[in-house]
Amino acid sequence: MRRVLNKYLTRAHKWAGLVLAFQILPWFGSGFFMTLFPIDEVRGRHLVDQQVFSLTDEDLIPIEIAMTAYEGPLTGARLANIAGRPAYILLGGNGTIMLDARTGEGWDGVGETDIRQVAVSSYKGEGVISTMTKLDVKPKDYAGPLLVWQVRFDDKARTRLYIDPDTAAIRSTRTRLWRVFDLAWKFHIMDVTGEDNFNSWWLRLASGAALLFALSGVGLLWFRLLGRPRRRRALAKI
């Protein structure tokens, strides 16, 4: 009985180890790949340079004066770069309004020309704009809010800028390296679909194999530890 049980435990241990290898190898491989590139390069920060305005700039009106233009309870105010120009964004119970930070006048909105100007002035790569699309459906490489402008460049990195249609702020930068890195990350955390699904068949299989591998290993170790004293006593009698 012990020999039969030991036989089946050995087989279970080997097959469970084989299943685990299909997960461990991508885990190690994806982890090694992700260590090869600086995270700023993956995020494309070296390709984008946005102008930043300061509240201490002499040509800007004080933010305290701009805040008085808001009618109703004010919950927040900040200085932003909108299409290369400084603007105050005021938030409160009556919604959000934007003011020109130099004149205090209401913002006239952001158009496609402004989006193009921001993309060209912020981009530091070697390509030119190939397409500009205002998206209402999220692409695979973007997880932010909609609507959003997608600006594609024809460079080797296949750079894509995702720009806020209201403030012209660059929400995210995506490159070919980012997309490969994202795929490696999904393999690393066993979430290839990217849907945060903890009930996938592969996760269940890998988890079950890991449990079987551990239990069968403990069983084999137990048999070996129990078998040693008997063999020693048998050799002593001889």
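Because the structure is a prediction, the values reported are computed rather than measured.

## Remarks on the pairing of strand 6 (residues 160-163)
Right, so step 1: The alternating pattern of strand 6 places Arg 160 and Tyr 162 and Leu 161 and Ile 163 on opposite faces, both of which are buried.
Right, so step 2: Looking at chain direction, strand 5 (residues 148-153) and strand 6 are connected through four bridges and run antiparallel. Paired with Gln 150 across the two strands is Tyr 162, which belongs to strand 6.
Right, so step 3: As judged from the four bridges shared by strand 6 and strand 7 (residues 170-174), these two strands associate in the antiparallel manner. Its bridge partner lying in strand 7, Tyr 162 is registered against Ser 172.
Right, so step 4: Connecting the antiparallel pair strand 6 and strand 7 is a turn made up of six residues, with Ala 168 showing a positive phi of about 65°.

## Looking at unusual backbone geometry
Right, so step 1: Cis geometry is found at the peptide bond from Leu 146 to Leu 147, where omega equals 0°.
Right, so step 2: Within the secondary structure, Leu 147 is located in the loop between strand 4 (129-135) and strand 5.
Right, so step 3: For Arg 158, which is not glycine, the phi dihedral falls at a positive 55°.
Right, so step 4: Looking at the element boundaries, Arg 158 is found in the loop between strand 5 and strand 6.

Reading the values: the criteria
- Sequence order as written defines residue numbering, which begins from 1 separately in each chain.
- It should be noted that, the model being predicted, local features are given only for residues of pLDDT at least 70 and side-chain atom pairs only at 80 or more, the latter also being counted only at that level, while totals for whole chains, interfaces and linings use all residues.
- The side-chain figures draw on all heavy atoms in the structure; neither hydrogens nor water molecules are used.
- Here's how the labels work: a residue is buried when its accessible area is under 20% of the maximum for its type, exposed when over 50%, partly exposed in between, all with a 1.4 Å probe on protein chains only.
- To qualify as a helix, a DSSP run of H or I must reach at least 4 residues; to qualify as a strand, a run of E must reach at least 2; elements of each kind are numbered from the N terminus.
- A pair of strands is treated as paired once DSSP finds two or more bridges between them.

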